[in-house]
Amino acid sequence: MYTLEQLRQKLTTYLSPKRYQHSLRVEEMAAQIAQRYECDVEKARIAGIIHDCAKNIPNKQKLVLCKKYHIKLTAYEKEYPDLLHAQLGVILAKRDFNIEDEDILDAIRYHTTGRPNMSLLEKIIYIADYIEPGRDKAPNLDELRDLVMKDLDKTLIRILEDTCVYLKQKNKSIDPKTEEAYNYYKQSSK
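Computed from a predicted structure; not experimentally measured. (Residues numbered from 1 in each chain as written. Predicted model: local features only at pLDDT ≥ 70, side-chain atom pairs only at ≥ 80, totals over all residues. Heavy atoms only, no water.)

Draft legend 1. Here's a closer look at empty space enclosed by the protein. Enumeration over the complete set of coordinates arrives at one cavity of 30 Å³ or more. Its volume calculated, the largest cavity comes out at about 60 Å³. The wall of the largest cavity is formed by Glu77, Leu83, Leu84, Ala86, Gln87, Arg109, Thr112, Thr113, Asp175 and Lys177. (1 Å grid on protein atoms, 1.4 Å probe; cavity = no way out; pocket = protein on both sides within 12 Å on 5 of 7 lines; lining within 4 Å. Points joined across faces, edges and corners; volume = space filled by probe spheres on them.)

Okay, structure coming up:
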């Protein structure tokens, strides 16, 4: 297993400088949220720094790699191959970064779409990726950054809802996993 510093150093060869800076901010945000909710901070840091390790792979190559590693793709993923960095990130996390912890791997796998019944770490990485301080385009970011320290699940539901609303407004289809996650958490909050 690599130390966090070794993971950060190795990651610089996988990501553009801009994406690397984003990953550092997600790592830090994940650590803050993890500490607040008594989640393993070290695991949150690892998942936070590694979550986008496959992000800079060109989309055509992502499709080739998915075939190579026998990753079954949904119709949605074939249409939007940019999302494949999450699944390929799991492969790279295992192969290149020696990460075997299933909770960390699942946090990487679902950080773009979410899913029903997410673990605490999965929620933290999903949220940290969305609200890290360098993000400025999504609505309600200041409110969400405040809310996350008060109610993790409310923050998660708001982000899932904002994502669905944004995609509908842009006439884009919504990943079925994201819709399932939103419906699951909205229902469970009643």
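Let's pick the thread back up.
Draft legend 2. The arrangement of the packing of aromatic side chains in detail. Enumeration over the complete set of coordinates arrives at three aromatic pairs. Residues tyrosine 184 and tyrosine 185 carry aromatic rings whose centres are separated by 4.8 Å and whose planes lie at 85° to one another, so their mutual orientation is edge-to-face. A relative accessible area of 34% places tyrosine 184 in the partly exposed class. Overall, the relative accessible area of 5% leaves tyrosine 185 in the buried class. Above the ring of phenylalanine 97, the side-chain terminus of lysine 10 is found at 5.8 Å from the ring centroid. (Phe/Tyr/Trp six-rings, centres within 6.5 Å; stacked < 30°, edge-to-face > 60°. Buried < 20%, exposed > 50% of the residue type's maximum accessible area, 1.4 Å probe, protein only. Lys NZ or Arg CZ within 6 Å of the ring centre and 35° of its normal.)

Draft legend 3. Representation of the environment of leucine 11. Looking at where leucine 11 falls in the secondary structure, it is placed in helix H1 (residues 4–11). Classification of leucine 11 as buried rests on a relative accessible area of 0%. Linking leucine 11 and arginine 158, residues 147 residues apart in sequence, is a C-alpha distance of 31 Å. (Helix = DSSP H or I, 4+ residues; strand = E, 2+ residues; numbered from the N terminus.)

Draft legend 4. Expanded view of the layout of surface pockets. Approximately 1,300 Å³ is the volume found for the largest pocket. Lining the largest pocket are 32 residues, and of these Lys55, Asp82, Tyr130, Arg135 and Tyr166 lie nearest its centre. Counting residues per element, the ones that place at least two in the lining of the largest pocket are helix H2 (17–36), helix H8 (120–131) and helix H10 (152–169). Of the residues belonging to the lining of the largest pocket, the class tally is nine nonpolar, nine polar and 14 charged. (Nonpolar A, V, L, I, M, F, W, Y, C, P; charged D, E, K, R; others polar.)

Draft legend 5. Quick peek at the pattern of salt bridges. Applying the stated rule across the entire model yields 21 salt bridges. Notably, a salt bridge pairs lysine 62 with aspartate 82, separated by 3.4 Å at the nearest N-O pair. Of this pair, lysine 62 sits in helix H4 (residues 59–68) while aspartate 82 sits in the loop between helix H5 (75–79) and helix H6 (85–95), and the two are 20 residues apart along the sequence. Judged by its relative accessible area of 1%, lysine 62 falls in the buried class. Through salt bridges that share partners, Glu5, Arg8, Glu27, Glu28 and Arg45 make up one connected network. (Salt bridge = Lys/Arg side-chain N within 4 Å of Asp/Glu carboxyl O.)

Draft legend 6. How the structure looks around the side chain of threonine 155. Within the fold, threonine 155 resides in helix H10. Classification of threonine 155 as buried rests on a relative accessible area of 0%. From its side chain, threonine 155 meets the backbone oxygen of aspartate 151 in a polar contact 2.8 Å long. When near neighbours in sequence (up to four residues on either side) are disregarded, threonine 155 contacts Ile127, Leu144, Leu147 and Val148. (Polar contact = N/O pair within 3.5 Å; in protein donor to acceptor, adjacent residues only side chain to side chain. Contact = heavy atoms within 4.5 Å.)

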